[in-house]
Amino acid sequence: MFKFYQKVGVVSIALLLLTLLVGGICVDRTFLTAKFLPADKSTFNWRPETWADKDIGGGSTVVIHDAKYSLDFEFKMASALEYPYASMAISILDEHGGELLIDMSRYTRLSFMVRCEPHNILFFAAHMVDEDVTDPEDPSKYRSPSSHFSCEKEWAQVNIDLTRLKTPQWWFDKFGLDLSREAYRLTQVSKISIGATHQSPPDVSSLVKINELTMHGRDWRYMYALAVWVVLVWGGFIFWLFRAHTKALIAELKSKFEKDRPLIAYQQLSMQPQRAKEQSDILRYMTTEYANPELNLDLAVTQLGVSRTKINAILKDEIGYTFSAYLNKLRLTEAARLLTESDRANVAEIAYSVGYNNVSYFNKLFKTEYGCTPKTFKDVYKG
């Protein structure tokens, strides 16, 4: 069985390493990230844009100072209009520089570091296609669910829940849509933006700096696939292990039984040339009397007329066993033969027939000799 266990060990280690490799790949693909900053490490190709109400006669302005290593911009909200606006947007581009719609539905959270001077309340918005309203040529018709956050002079981390953005009421009113249509899916997003709110300080230059802008998500399909893979592969391995162990055990038991079988064949033990009479007498006596439950070394000494020391010495030199060890070997080998050939005899009957009056003791000796109980030996051997 040593070779079998060695093989099992090698297969187990290889399978464990493969599982760790596949598991690592699945975990890596389950926990999604998409970076925007720094720009040279961004997941997407993008360009910065500014939106301000000066386009419609207002006085608000937005100036971008840096969009490579961070989003560093400055805005001023003029109070000339009833609804002034000023923001900076990240527009997603394709490889040719045209506008690209990306699927952000796999991401559940947007995180970034931000600081503002002075204190400010800003918004984050995702500009997405609404199939009933959106006109690609008219930016105002994109749906823009948003969230708000505050920022101070000191750096702070902000986490935006992308699953809980709110579409402003004016958008529903503008297009005559039901307010109950709050549900959205970020499957077609053209840009994201960050900008001023009506709580931003008016007529004051506000500096905003954003770092580490990253989206986070979970794609549980890979973990489900990993679970199925583990069940199938390890289930198959356990099934193979059970069958292979049974075959290996059968092979070992048969090998051991065939090896021990000559021990109960007197002719093979006694017909060796030039064997001394005492050796022949002792071996003949044991191979014919082993089934006697009263047989022990003292009885053999009395009936053979040979001393205890000499009997043990002869047996040790001849077959490598003491009297007691050889007697058990003979009995257990015969018991193994009977177990393989007899369909009707039970374990107790076989134990008595080979010289054991105590079935529990017989079971203990048999398990030590063959590595399994007599019942298991019988079941396995006959397969």
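What counts, and at which threshold
- Residues numbered from 1 in each chain as written.
- Predicted model: local features only at pLDDT ≥ 70, side-chain atom pairs only at ≥ 80, totals over all residues.
- Heavy atoms only, no water.
- Salt bridge = Lys/Arg side-chain N within 4 Å of Asp/Glu carboxyl O.
- Helix = DSSP H or I, 4+ residues; strand = E, 2+ residues; numbered from the N terminus.
- Buried < 20%, exposed > 50% of the residue type's maximum accessible area, 1.4 Å probe, protein only.
- Patch = residues over 30% accessible without salt bridge, like charges linked within 9 Å, V, L, I, M, F, W, Y side chains within 5 Å.
- Areas by Shrake-Rupley, 256 points an atom, 1.4 Å probe, with all protein chains shown as cover.
- UniProt positions renumbered as here; feature names shortened; annotations may be inferred.
- Contact = heavy atoms within 4.5 Å.
- Polar contact = N/O pair within 3.5 Å; in protein donor to acceptor, adjacent residues only side chain to side chain.
- Axes fitted to C-alpha atoms, helices over the stretch in contact; angles between N-to-C directions.
- Parallel < 35°, antiparallel > 145°, perpendicular 65-115°, else oblique.
- Nonpolar A, V, L, I, M, F, W, Y, C, P; charged D, E, K, R; others polar.

The name an unreviewed UniProt entry gives the protein chain is Helix-turn-helix domain-containing protein, with Saccharophagus degradans as the organism.

Caption draft 1: Structural detail: the pattern of salt bridges. In this structure the tally under the stated criterion is 13 salt bridges. Note that Glu99 is salt-bridged to Lys191, the shortest N-O span being 3.3 Å. Placement of the pair is Glu99 in the loop between strand S5 (86-93) and strand S6 (107-117) and Lys191 in strand S10 (residues 189-196), with a sequence separation of 92 residues. Of the residues examined, Glu99 reaches a relative accessible area of 40% and is grouped as partly exposed. On the accessibility criterion, Lys191 (8% relative accessible area) is buried.

Caption draft 2: Structural context of a nonpolar patch on the surface. A surface patch of nonpolar side chains, about 420 Å² in accessible area, is lined by Ile13, Leu16, Leu17 and Leu20. You can see Leu16 is positioned in helix H1 (residues 2-30). In this structure Leu16 comes out as partly exposed when scored by relative accessible area, which is 45%.

Caption draft 3: Broad picture of the UniProt feature "transmembrane region" (unreviewed entry) in the protein chain. Sequence positions flagged by UniProt for "transmembrane region" (unreviewed entry) are, in local numbering, residues 222-242. Taken as a whole, residues 222-242 contains 100% helix and 0% strand, while its terminal C-alpha atoms sit 30 Å from one another.

Caption draft 4: View of the environment of Ser79. Along the polypeptide, Ser79 turns up in the loop between strand S4 (71-76) and S5. Look past the residues within four positions of Ser79 in its chain and what remains in contact with it is Pro202 and Asp203. A distance of 3.0 Å separates a polar atom in the side chain of Ser79 from a polar atom in the side chain of Asp203.

Caption draft 5: Seen up close, the UniProt feature "domain: HTH araC/xylS-type" (unreviewed entry) in the protein chain. As recorded in UniProt, the sites labelled "domain: HTH araC/xylS-type" (unreviewed entry) are residues 280-380. Helix and strand shares over residues 280-380 are 74% and 0% respectively, and the end C-alpha atoms of the span are 36 Å apart.

Caption draft 6: Molecular detail of the packing of helix H8 (residues 323-341) against helix H10 (residues 359-370). Remark: H8 packs on H10, axes separated minimally by 11 Å, with the N-to-C direction vectors making an angle of 90°. Overall, the two elements H8 and H10 adopt an arrangement that is roughly perpendicular. The segment H8 lies against H10, with Asn328, Lys329, Leu332, Thr333, Ala335, Ala336 and Leu339 engaging Phe362, Leu365, Phe366, Glu369 and Tyr370. Taken together, the residues of the contact of H8 with H10 break down into eight nonpolar, two polar and two charged.

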